[in-house]
Amino acid sequence: MAEENVGTRDADEQVAGTDTPPNRRRTLVWAAVAVAVVLVMAALVYAEYGGSNSPSANTAGSGEVAEGSSAGETGTAVAPDAGRPTEPAAGGSQLTTITQPPEATLAMIEPTQLAADARYDIVFSPFGFGPPQSGRPSLVVRVTEATAANESAQAMDFTGRNVLAEVSSGEDAITLGGTYSAVLTFRDQAGLLIPQIGEIEELE
């Protein structure tokens, strides 16, 4: 009888051994939860990336956008990246959508740094299209010349800056690389100034 009991106990232990121990089950559950969290975070980062680089340079979105300041001004700036354009589109080439804004692209300004009525006469060359802004097309441009057109504009110099600017209402966005003149103004959006360009004309 003793031997039978031992055999039965051994058989029971073998059957029990086929089940996952409680500690292991808990480990597997937490591992599954961790994987789910990672997948959700990855999805959120992708969505944020697409939104920021669709650029609102808050993007100009975006989790990768950081504030940059120089000479008392504040705007959005992004770190260098191999996928970012470093030079504007070649003259006459078809513009494409910029999925990653070039380095130090300015997309918005705090109104404490610049008055909303600031106005500049600029010369610029486009990198390409940015994301739509308030239903309007936008352009990522390099401002090669900026002349203050009123007293408010004296507070900042946009010469040499990369800017994400929406195209002013009533105007069509340009489609080719090259050199253009325009007027740079700003509109208030949620307490920040958004660059706008209008009166665009191609320069020879």
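Owing to the predicted nature of the structure, the values given are computational and were not obtained by experimental measurement.

## Looking at the overall build of the chain
Along the chain, the regular secondary structure elements total 2 helices and 8 strands. Put simply, the chain runs from its N terminus to its C terminus through helices and strands in the order α-α-β-β-β-β-β-β-β-β. Burial analysis of the chain (204 residues in total) assigns 36% to the buried set.

## So, the nonpolar core
Burial of nonpolar side chains together is a common tendency in soluble globular proteins. Core analysis: the biggest nonpolar cluster contains 27 residues, and Leu-114, Tyr-120, Ile-122, Phe-124, Phe-158, Phe-186 and Ile-197 have the highest contact counts within it. The set of elements that each furnish at least two residues to this core consists of strand E4 (120–133), strand E5 (136–148), strand E6 (162–167), strand E7 (180–189) and strand E8 (192–202). Once residues lying within four places of it in the same chain are set aside, the contact partners of Phe-186 are Ile-109, Leu-114, Ala-116, Ala-118, Tyr-120, Phe-158, Leu-193, Ile-194, Pro-195 and Gln-196.

## Some details on the pattern of salt bridges
This structure, assessed with the given rule, holds 3 salt bridges. Between Glu-87 and Arg-142 there is a salt bridge, and its shortest N-O distance comes to 3.1 Å. Of this pair, Glu-87 sits in the loop between strand E2 (73–77) and strand E3 (105–106) while Arg-142 sits in strand E5; the two residues are 55 residues apart in sequence, bridging distant segments of the chain.

## Topic: the confidence of the model for the chain
When pLDDT is low, close inspection of the predicted coordinates is not appropriate. With 60% of its residues at a pLDDT of 70 or more, the chain shows a mean pLDDT of 73. Within the chain, no element has a lower average pLDDT than strand E1 (residues 66–70), which sits at 32, and none a higher one than E6, at 97. pLDDT under 50 marks residues 1–18. Its contacts with residues more than four places away, or in other chains, come to 0 contacts. Contacts of residues 33–80 to residues separated by more than four positions or lying in other chains number 94 contacts, the stretch itself having pLDDT below 50.

## Here we look at the environment of Val-123
Tracing the backbone through its elements, the reader meets Val-123 in strand E4. Overall, the relative accessible area of 14% leaves Val-123 in the buried class. Along the chain, Val-123 and Leu-203 lie 80 residues apart, while their C-alpha atoms are 8.7 Å from each other. Not counting the four nearest positions on each side in its chain, Val-123 is found in contact with Arg-142, Val-143, Thr-144, Glu-145, Thr-179, Tyr-180, Ser-181 and Leu-203.

## Overview of the side chain of Ser-181
Among the structural elements, Ser-181 can be located in strand E7. Residue class for Ser-181 comes out buried when judged on its relative accessible area of 18%. When sequence neighbours within four positions are dropped, the list of residues in contact with Ser-181 reads Ile-122, Val-123, Phe-124, Glu-199, Ile-200, Glu-201 and Leu-203.

## Overview of unusual backbone geometry
A positive phi angle, near 55 degrees, is found at Ala-104, a position not held by glycine. By secondary structure assignment, the location of Ala-104 is in the loop between E2 and E3. Exposure remark for Ala-104: the relative accessible area of 38% places this residue in the partly exposed category. In the Ramachandran plot, Glu-199 falls in the positive-phi region, its phi being about 55 degrees despite a non-glycine side chain. By the element assignment, Glu-199 lies in strand E8.

## What about the packing of aromatic side chains?
By the definition in use, this model includes 4 aromatic pairs. Ring centres of Tyr-120 and Phe-186 lie 6.3 Å apart, and the angle between their planes is 80 degrees; on these two criteria the pair is classed as edge-to-face. With a gap of 66 residues between them, Tyr-120 in strand E4 and Phe-186 in strand E7 connect regions that are remote in the sequence. Overall, Tyr-120 belongs to the buried group, its relative accessible area being 1%. Judged by relative accessible area, Phe-186 falls into the buried class, the value being 8%. Here Phe-158 and Phe-186 contribute two aromatic rings whose centre-to-centre distance is 5.7 Å and whose plane-to-plane angle is 35 degrees, an arrangement assigned as tilted. Remark: Phe-186 occurs in strand E7 and Phe-158 occurs in the loop between E5 and E6; sequence separation between them is 28 residues. Grouping residues by exposure puts Phe-158 and Phe-186 together as buried. Each member of the aromatic cluster is reached from another via a ring pair, and the members are Tyr-120, Phe-158 and Phe-186.

Conventions used here
Residues numbered from 1 in each chain as written. Predicted model: local features only at pLDDT ≥ 70, side-chain atom pairs only at ≥ 80, totals over all residues. Heavy atoms only, no water. Helix = DSSP H or I, 4+ residues; strand = E, 2+ residues; numbered from the N terminus. Buried < 20%, exposed > 50% of the residue type's maximum accessible area, 1.4 Å probe, protein only. Core = buried A, V, L, I, M, F, W, Y, C linked by side-chain atoms within 4.5 Å. Contact = heavy atoms within 4.5 Å. Salt bridge = Lys/Arg side-chain N within 4 Å of Asp/Glu carboxyl O. pLDDT = per-residue confidence, 0-100. Phe/Tyr/Trp six-rings, centres within 6.5 Å; stacked < 30°, edge-to-face > 60°.

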